[in-house]
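# Observations on chain architecture
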There are 2 protein chains.
Amino acid sequence: MTTEYSGSGDPRRSIELLWGVQERPRRGPKPKLTVPQIAAVAVAVADEEGLPALSMRRLAEQLGVTAMSLYTYVPGKAELIDLMLDTVNGELDMPADLPGGWRGRLRHIAHQNRAMYLRHPWLLQVATSRPPLGPNLVAKYDYELRALDGIGLTDVEMDLTLSMINDYVHGAARGALHAVHVRDSSAVTDQQWWERAAPILAEVLQPERYPTATRVGVAAGQEFDAAYDPERSFAYGLDRLLDGVAALIATREH
Amino acid sequence: MTTEYSGSGDPRRSIELLWGVQERPRRGPKPKLTVPQIAAVAVAVADEEGLPALSMRRLAEQLGVTAMSLYTYVPGKAELIDLMLDTVNGELDMPADLPGGWRGRLRHIAHQNRAMYLRHPWLLQVATSRPPLGPNLVAKYDYELRALDGIGLTDVEMDLTLSMINDYVHGAARGALHAVHVRDSSAVTDQQWWERAAPILAEVLQPERYPTATRVGVAAGQEFDAAYDPERSFAYGLDRLLDGVAALIATREH
DNA sequence: CAGAAACTCTCTACGCTGTACGGTATTCTA
DNA sequence: TAGAATACCGTACAGCGTAGAGAGTTTCTG
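Residues numbered from 1 in each chain as written. Chains lettered and ligands numbered in written order. Predicted model: local features only at pLDDT ≥ 70, side-chain atom pairs only at ≥ 80, totals over all residues. Heavy atoms only, no water.

In the nomenclature of an unreviewed UniProt entry, chain A corresponds to TetR family transcriptional regulator from the organism Spongiactinospora gelatinilytica.

## Side note on the UniProt feature "DNA-binding region" (unreviewed entry) in chain A
The criterion, for reference: UniProt positions are given in the numbering used here, feature names are shortened, and annotations may be inferred rather than shown by experiment. The helix and strand labels rest on DSSP assignments: H or I over at least four residues marks a helix, E over at least two residues marks a strand, and numbering proceeds from the N terminus.
As annotated in UniProt, the feature "DNA-binding region" (unreviewed entry) corresponds to residues 55-74 of chain A in the numbering used here. Between the end C-alpha atoms of residues 55-74 of chain A the distance is 14 Å, and the span holds 40% helix and 0% strand.

## Thoughts on helix α6 (residues 135-147) of chain A
In an α-helix, one turn spans 3.6 residues, which is why side chains three or four residues apart end up on the same side. Counted only if it meets this: Helix span is expected to be 1.5 Å times the residue number reduced by one. Only protein chains enter the accessibility calculation, which uses a 1.4 Å probe; a residue is then buried when its area is under 20% of its type maximum, exposed when over 50%, and partly exposed in between.
Its 13 residues place the ends of α6(A) 19 Å apart at the C-alpha level, agreeing with the 18 Å of an ideal helix rising 1.5 Å per residue. Here α6(A) has its buried residues at Pro135(A), Val138(A), Ala139(A), Lys140(A), Asp142(A), Tyr143(A), Glu144(A), Leu145(A) and Ala147(A).

## A few points about the protein's contact with DNA strand D
Stated formally: When at least one non-hydrogen atom of a residue lies within 4 Å of a molecule or strand, that residue is treated as near it. In protein, a polar contact requires one atom able to donate a hydrogen and another able to accept it; more generally it is a pair of N or O atoms within 3.5 Å, and residues adjacent in sequence count only if both atoms are side-chain atoms. Side-chain classes are defined by residue name, with Ala, Val, Leu, Ile, Met, Phe, Trp, Tyr, Cys and Pro counting as nonpolar, Asp, Glu, Lys and Arg as charged, and the others, Gly among them, as polar.
If you check the shell around DNA strand D, you find 25 residues, and the closest are Arg26(A), Arg57(A), Pro29(B), Lys32(B) and Tyr73(B). Counting only the atoms of DNA strand D within 4 Å of the protein, the fraction contributed by sugar and phosphate is 59%. Here Thr66(B) contributes a backbone N or O atom positioned 2.8 Å from a phosphate oxygen of DNA strand D. In this structure, Tyr73(B) approaches DNA strand D through a side-chain N or O atom, which is 2.6 Å from a phosphate oxygen. Here the residues of the surface near DNA strand D sort into ten nonpolar, seven polar and eight charged.

## Focus on the protein's contact with DNA strand C
In the vicinity of DNA strand C, 25 residues are found, and the nearest of them are Pro29(A), Lys32(A), Tyr73(A), Arg26(B) and Arg57(B). The share of sugar and phosphate among atoms of DNA strand C within 4 Å of the protein is 60%. The side chain of Arg27(A) places a nitrogen or oxygen atom 3.3 Å from a sugar or linking oxygen of DNA strand C. Between Gly28(B) and DNA strand C, the recorded distance is 3.2 Å, taken from a backbone N or O atom to a base oxygen. Split by residue class, the surface near DNA strand C holds ten nonpolar, seven polar and eight charged.

## Considerations on the packing of aromatic side chains
The description of an aromatic ring pair uses the distance of the two centres, along with the angle that the planes make with each other. Residue and element names in this part refer to chain A. Quick note on the threshold: Here a Phe, Tyr or Trp ring, Trp counted by its six-membered ring, pairs with any other such ring whose centre lies within 6.5 Å, and the pair is stacked when the planes are under 30 degrees apart, edge-to-face when over 60, and tilted otherwise. Distance and angle both matter: a charge sits over a ring if NZ of Lys or CZ of Arg is within 6 Å of the ring centre and within 35 degrees of the ring normal.
Enumeration according to the criterion identifies two aromatic pairs over all chains in this entry. Residues Tyr 168 and Phe 234 carry aromatic rings whose centres are separated by 5.9 Å and whose planes lie at 0 degrees to one another, so their mutual orientation is stacked. Taken as a pair, Tyr 168 in helix α7 (residues 155-184) and Phe 234 in helix α10 (residues 230-253) lie far apart in primary sequence, 66 residues in all. We note Arg 114 situated over the ring of Phe 234; from NZ or CZ to the ring centre the distance is 4.8 Å.

## Overview of the nonpolar core
The following threshold applies: What makes a nonpolar core is a set of buried Ala, Val, Leu, Ile, Met, Phe, Trp, Tyr and Cys residues whose side-chain atoms join them at distances within 4.5 Å. The contact criterion used throughout is that any non-hydrogen atoms of two residues lie within 4.5 Å.
Ranked by internal contacts, the top residues of the largest apolar core, which has 144 residues, are Leu70(A), Met84(A), Trp122(A), Leu70(B), Met84(B) and Trp122(B). Excluding residues within four positions of it along the chain, Leu70(B) makes contact with Leu33(B), Ile38(B), Met56(B), Leu59(B), Ala60(B), Leu63(B) and Val65(B).

## With respect to the pattern of salt bridges
Just so we agree on the cut-off: Within this document, salt bridges are pairs made up of a side-chain nitrogen of Lys or Arg and a carboxyl oxygen of Asp or Glu, the two lying within 4 Å of each other.
Inspection of the entire model under this criterion finds 24 salt bridges over all chains. Put simply, Asp239(A) and Arg107(A) hold a salt bridge, and the shortest N to O gap is 2.9 Å. With Asp239(A) in helix α10 and Arg107(A) in helix α5 (residues 101-119), the pair connects residues that are 132 residues apart, well separated along the chain. Residue class for Asp239(A) comes out partly exposed when judged on its relative accessible area of 24%. Arg215(A) is the salt-bridge partner of Asp149(B), the closest N and O atoms lying 3.0 Å from each other. Placement of the pair is Asp149(B) in the loop between α6 (135-146) and α7 (155-184) and Arg215(A) in helix α9 (residues 211-224), with the two residues belonging to separate chains. For Asp149(B), a relative accessible area of 29% puts it in the partly exposed group. A relative accessible area of 37% means that Arg215(A) is categorised as partly exposed. Taken together, the shared-partner salt bridges connect Glu49(A), Arg58(A) and Glu61(A) into one network.

## A look at the confidence of the model for chain A
Note the threshold: Each residue gets a pLDDT score, which is the predictor's confidence in that residue and runs from 0 to 100.
When pLDDT is averaged along chain A, the result is 86, and 81% of the positions lie at 70 or above. Here helix α8 (residues 189-204) of chain A stands out as the element of chain A with the lowest mean pLDDT, 64, in contrast to helix α3 (residues 56-63) of chain A, whose mean of 98 is the highest.

## With respect to the environment of Ala173(A)
Residue and element names in this part refer to chain A. Mapped onto the elements of the fold, Ala 173 is located in helix α7. In this structure, the C-alpha to C-alpha distance between Ala 173 and Ala 115, residues 58 residues apart in sequence, is 8.4 Å. When near neighbours in sequence (up to four residues on either side) are disregarded, Ala 173 contacts Arg 114, Tyr 117, Leu 118 and Leu 124.

Next up, the structure:
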């Protein structure tokens, strides 16, 4: 149990890896694998079994080689995670034209990013101390900025607005995954956890000390309990956020 | 390198730990330590040396005991992290009255939470699969909801709005920490990283392929470079967000 | 065409992690 | 004062990332 870090090795090597600028090696046996293949399998393992299960040995086994032979492709695990990050950022579809003006475009971007987090929950667990500036990430940044271009914002405001949306999406995805995890765990353990925790909590948590929390918690619970819908929470937050952007744009128009 | 998880043990034990409901044991030697003391030292270690450095052995050493003796206080590392989470959530100051109406109150909450993340960067790295419902977390939830009470929102909307703000703060703190880390690393390695990465990136990243990204990236870079101010980015996002809430409230008033 | 060089891959090994287990010392209860 | 309960420690195990040395394969060079 530690934390996965991204990007801590030689920058030249990292960027060459991400952009795939390898001169075709001449001598030596032909490689069994390719870097994108390794990244793809690593993503699959992390998706299915979680980030802690993604060890070099586990990944190597999946690829039919030994752990150490992975190090001929990738300098270390940190760089591997960089590759995984750029890989999943290449999955988003980026249509050139979208209905609904800037609001529709931003909505699309927000939902795309959210979907990416939900598809790859481990994304929320990698600490990007430096951005892995791979081709897919750069392409995505460009696409997302274009959605904000020419609607009355300055260049700096465009950047700020995009950051704001992506920050919110990240946080919201975190909340949604948490909720989904709690509900879906057919491993029963989670449900059991709550069932066992509830009476003890009730014993220790006096409603009169936390009146607002109790009232709202109950209201939110009743609203969501049977069919808690993280989508709705996300839609609410995104609507507020876009309204805020609209208010700013309005000050530029008159 | 794996990922720290919170809350995976026996719920009864976890909640008893968090709320400190231990009957005074009668027999046996007196404990050298207390649970809050252990949690406090663990927080200090994680603050100063990062979450990966917080091993049971390291923590025990700091406390003058062996690793295994910690297990008489805490069932495992996951529960320890739960305790750490609740501990830092008890540091926030929660004044009863604040100027500036609901906007001022929400601003205070957002800044408090952000400050907490900046003080304890490891918070962004713990994957809370279940919320550690300790006394401090519950108190905070209650306080934050009160800031939203009686301003024209329904109970469910209050909960949604609070989630939205907290989600955004989490994401924004993540971005800010990233930026701070890149700039402040007097360990030189980070600066060197960029210095070495820049020419290679320039070689591989053709501006004509990513016109918007290049233009805005340059603009944002110039604006921020000499004195990048994550505070400003945060202030911008928070303002947009509060404007969005204001727009909703306005529809309720007329 | 032979030899060297470059490359891939494997084996072994080190220090680290969380923690299960068993033993010992201490303190309170009966 | 005997026995039970508790706190603490030493050892041990499986797993981690990866350093280093060596074996095997391919291709370029002379």
